[in-house]
Amino acid sequence: MKADISINNDVYRLVFDKNPSTTIVFQIKHYNFRELEEYQYKNFSGLKNNIKIEKVINYLDNEKLEINVCKNTQKILEEIKLKKQDQLKFIKRLENLKDNTTSKTLEDFSKSLGFLKRKLTDHQIKSTYHLFNCQSAANFSVPGSGKTSVVLAYYEKLKLEKKVDAIFLIGPKNCFYSWKTEFIETLGRDPKLNILRLFKDRVQTYKNPIKSEVYACHFSTNTNDLELLKIFLSSNKFLLVIDEAHNIKKIGGKWSTAALELSKMSEYKVVLTGTPMPNEHKDFYNYFDFLYGENEIISSHDKARIDIFVEKNNLEQASEILRKKFNPFFIRISKKDLKLSPQIFNKPIIVNMNPIEKQIHEAIVTKIKTYPIKKYEQNIELIKKIRRARILRLRQNCSYVKNLLSAIKGDLKEGDENLTDGIANLISTYDEKEVPSKIKSLKSIVLPIIKNNKKVLIWSSFLNTIELIKKHLQEENINIEVITGKTDLKKREEIKDQFNNKNSSLDAIIANPQACSESISLHKACNNAVYYDQNFNTAEFVQSMDRIHRIGGSVTEPVFYDFLHYENSVDEKVYKRVFEKADRQMQVIEEDNIMFDLTYSEDDIDDLYGDLKI
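Residues numbered from 1 in each chain as written. Predicted model: local features only at pLDDT ≥ 70, side-chain atom pairs only at ≥ 80, totals over all residues. Heavy atoms only, no water.

Some details on the overall build of the protein
So, point 1. A tally of helices and strands in the protein yields 27 helices and 19 strands.
So, point 2. Here the protein holds 614 residues, and the buried ones make up 54% of them.
So, point 3. A separation of at least 24 residues holds for 73% of the contacts in the protein among residues at least 6 apart in sequence.
So, point 4. Carbon and sulfur atoms provide 48% of the accessible area of the protein, an area that totals close to 29,700 Å². (Helix = DSSP H or I, 4+ residues; strand = E, 2+ residues; numbered from the N terminus. Buried < 20%, exposed > 50% of the residue type's maximum accessible area, 1.4 Å probe, protein only. Contact = heavy atoms within 4.5 Å. Areas by Shrake-Rupley, 256 points an atom, 1.4 Å probe, with all protein chains shown as cover.)

Written out as structure tokens, the structure reads:
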């Protein structure tokens, strides 16, 4: 059987001299050809941009068909071949560059960065050199290593070469003002940050000539405005940056899909994340599809091989493919490379509960112990949800009894029963009868720090607790601010700047990890953090520790972490679980590979439940 392939006006035609098998027809359609009905034998057509013609030809050749191609198609195939050869040379050059860059080379490159207002550290110069040679690359360096400064140095080189005019930044809202601050400190001018907020303002921005050097939007804004943004980016020269890029690792996710689509509109791209911790091998795919798209640094064939190895539980072989493919295109500075002062984790302070706290805690524990075990097998999923809810109740109680108000308002779901009337009354009138015992212990830590003219960062997962802490510390004449998800971005930046000023009167910040564990630096004047309570999110915990342990402020003085635990409570269980996982994460992050922790799993509520033999 013969197959003739031709192209005219960017449309391929595939003509057979006999009817091909059903299998061949199915595969041809899979390659984005559509069948033309009006011909004697099977004929197909397809748009050039939708078809990878070399794959089609390889497939037909494997099927033992005689293939004839027109001169224009032959020219396209030769261009593809040359492009692949160039890509292989490029990859080889990057491998050599990463493995064999000399100090002399970096010293010479550093001289080309004389335009920077703030001098880069040695590891930042190395990262900038890598990025400049890659053109598009990932930086997986640990939080606090100065990834933003690296990108800004790269941006300035590109701008001086007239290759870009501005940065288009996609990331969490927390990071926007940090980019403005770093831009001013690194490049010495105001980027006139444009945060894309209200839709009508965004639409106007997309229509106007660019006036800012940094345009910033949230992942959801990029998703909602994708078609408008594709026009905006294709009409201008942007360095496209994804900050906290672990938010786009989900294959097929809305944020991920939109980011991959937008990536086609820019020639220069950067992926940043200090915590790329994958649950699966495929969590890395989006990073490199974003950076190199159709160049297929990791091809569909490679992905299929990885999937097969994973299916057979040959994880090391799957990991080896990823390492080999990705190694030239990312750089990672580990914690030890930063040469920071040590992190000192003080032994948790064990606190005895006050009478009402203890009474409520025991009431919840009694429910846990007495739940009919026979019901477990009858409705496993419901029981798990109930158990998860009750663990939350214990955490709420160990933080501040009035966090349990939701449990007596009848708005609990998933079968979690309301508390009894007697306990409900204790909760609703709690503030009239006692103050959480942890407050006294918190003051015993915080007051000496403030007295020594130092600042302190306090963490809690619960908004009611944060307000309680603020009230009691203000009574001690401590100047304190709060950062939560409700805090306006501009206000958040003002608090951060004031806290980082050693001479300011702001003594303390209370923050919750959900809103403040990433993309904010609080290290320039603070080396003390207190965890009033903890949640189970290990990645948030690791990120929160790094808010005060970063380059630019954590070089000479050690950083101290304190923890408050109620005796024989869920506090101790959560602390143990989180530290076990955090320790594993930190170990693998320091290893010289990108495959980190592929044994990560969510907390087993059944195990934790069984631990609560209080």
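Don't stop here, the text continues.
Considerations on the side chain of Lys438
So, point 1. Along the polypeptide, Lys438 turns up in helix α21 (residues 437–451).
So, point 2. Those residues in contact with Lys438 that sit more than four places away from it in its chain are Val351, Cys398, Tyr532, Asp533, Leu564, His565, Tyr566 and Asp571.

A look at the packing of aromatic side chains
So, point 1. What the rule picks out here adds up to 32 aromatic pairs.
So, point 2. Both rings, one in Phe90 and one in Phe329, keep their centres 6.4 Å apart while their planes meet at 45°; by these two values the pair is tilted. Within this pair, whereas Phe90 is found in helix α3 (residues 71–100), its partner Phe329 is found in the loop between α14 (315–326) and β12 (330–331), the two being separated by 239 residues in sequence.
So, point 3. Looking at Phe329, the relative accessible area reads 0%, which means it is buried.
So, point 4. Where Tyr206 meets Phe232, the ring centres are 5.5 Å apart and the plane angle is 45°; that geometry is what we call tilted. With a gap of 26 residues between them, Tyr206 in helix α8 (residues 199–207) and Phe232 in helix α10 (residues 226–234) connect regions that are remote in the sequence. Like Tyr206, the residue Phe232 is buried in the burial classification.
So, point 5. Three or more aromatic residues link up through ring pairs in this structure, and these residues are Phe345, Trp459, Tyr531, Phe541, Tyr561, Phe563, Tyr575 and Phe579. (Phe/Tyr/Trp six-rings, centres within 6.5 Å; stacked < 30°, edge-to-face > 60°.)

Re helix α25 (residues 538–545)
So, point 1. Counted residue by residue, α25 has seven buried out of eight residues, so it is predominantly covered.
So, point 2. When we look at burial in α25, the residues that qualify are Thr538, Glu540, Phe541, Val542, Gln543, Ser544 and Met545.
So, point 3. Between the side-chain oxygen at the start of α25 and the backbone nitrogen of Ala539 there is a gap of 3.2 Å, and the oxygen is on Asn537. (Polar contact = N/O pair within 3.5 Å; in protein donor to acceptor, adjacent residues only side chain to side chain.)

Observations concerning unusual backbone geometry
So, point 1. With a phi angle near 65°, Asp10 is a residue other than glycine that sits in the positive phi range.
So, point 2. Looking at where Asp10 falls in the secondary structure, it is placed in the loop between β1 (2–8) and β2 (11–16).

Here we look at the pairing of strand β11 (residues 268–272)
So, point 1. Among the five residues that make up β11, five are buried, leaving the element largely enclosed by the rest of the structure.
So, point 2. Inspection of the sheet shows strand β6 (residues 137–139) paired to β11 by three bridges, in the parallel sense. Following the sheet pairing, Asn139 is matched in β11 by Leu272.
So, point 3. Assessed by its sense of winding, the connection that carries the chain from strand β10 (residues 238–242) through helix α11 (residues 254–263) to β11 is right-handed. (Pairing = 2+ DSSP bridges. Right-handed = clockwise from strand over helix to strand, strands pointing away.)

What to know about the nonpolar core
So, point 1. Counting residues in hydrophobic clusters, the biggest one holds 79 residues, and the most contacted among them are Ile167, Phe168, Trp179, Leu239 and Val241.
So, point 2. Ranked by residue count, the leading element in this core is helix α6 (residues 147–160), at seven residues.
So, point 3. Ignoring any residue separated from it by four or fewer positions in sequence, one finds Val241 in contact with Val151, Ile167, Phe168, Leu169, Ile170, Trp179, Val270 and Leu272.
So, point 4. If you look at the next biggest cluster of nonpolar residues, it comprises 64 residues, including Leu404, Leu442, Val530 and Met545. (Core = buried A, V, L, I, M, F, W, Y, C linked by side-chain atoms within 4.5 Å.)

Re the environment of Leu405
So, point 1. Among the structural elements, Leu405 can be located in the loop between α18 (380–399) and α19 (421–428).
So, point 2. Its relative accessible area of 23% is what places Leu405 among the partly exposed residues.
So, point 3. Considering only alpha carbons, one finds Leu405 and Asn425, 20 residues apart in sequence, at a separation of 10.0 Å.

Here's the deal with the sheet that holds β2
So, point 1. If you walk across this open sheet you meet the five strands as β3-β4-β2-β1-β5, and the pairing is mixed. At either margin of the open sheet sits one strand with a lone partner, and together these are β3 (34–36) and β5 (66–69). Across this sheet, the average inter-strand angle for adjacent strands is 25°, counted without regard to direction. (Axes fitted to C-alpha atoms, helices over the stretch in contact; angles between N-to-C directions.)

Quick notes on the packing of helix α13 (residues 300–311) against α14
So, point 1. As a packed pair, α13 and α14 sit with axes 7 Å apart at the nearest point and diverge in direction by 155°. Taken together, the axes of α13 and α14 lie roughly antiparallel to each other. For the crossing formed where α13 meets α14, the hand is left-handed. Along its contact with α13, which presents Asp302, Arg305, Ile306, Phe309 and Val310, the element α14 presents Leu315, Gln317, Ala318, Ile321, Leu322 and Lys325.
So, point 2. When grouped by side-chain class, the residues that make up the contact of α13 with α14 number seven nonpolar, one polar and three charged. (Parallel < 35°, antiparallel > 145°, perpendicular 65-115°, else oblique. Left-handed = near helix turned anticlockwise from the far one by under 90°. Nonpolar A, V, L, I, M, F, W, Y, C, P; charged D, E, K, R; others polar.)

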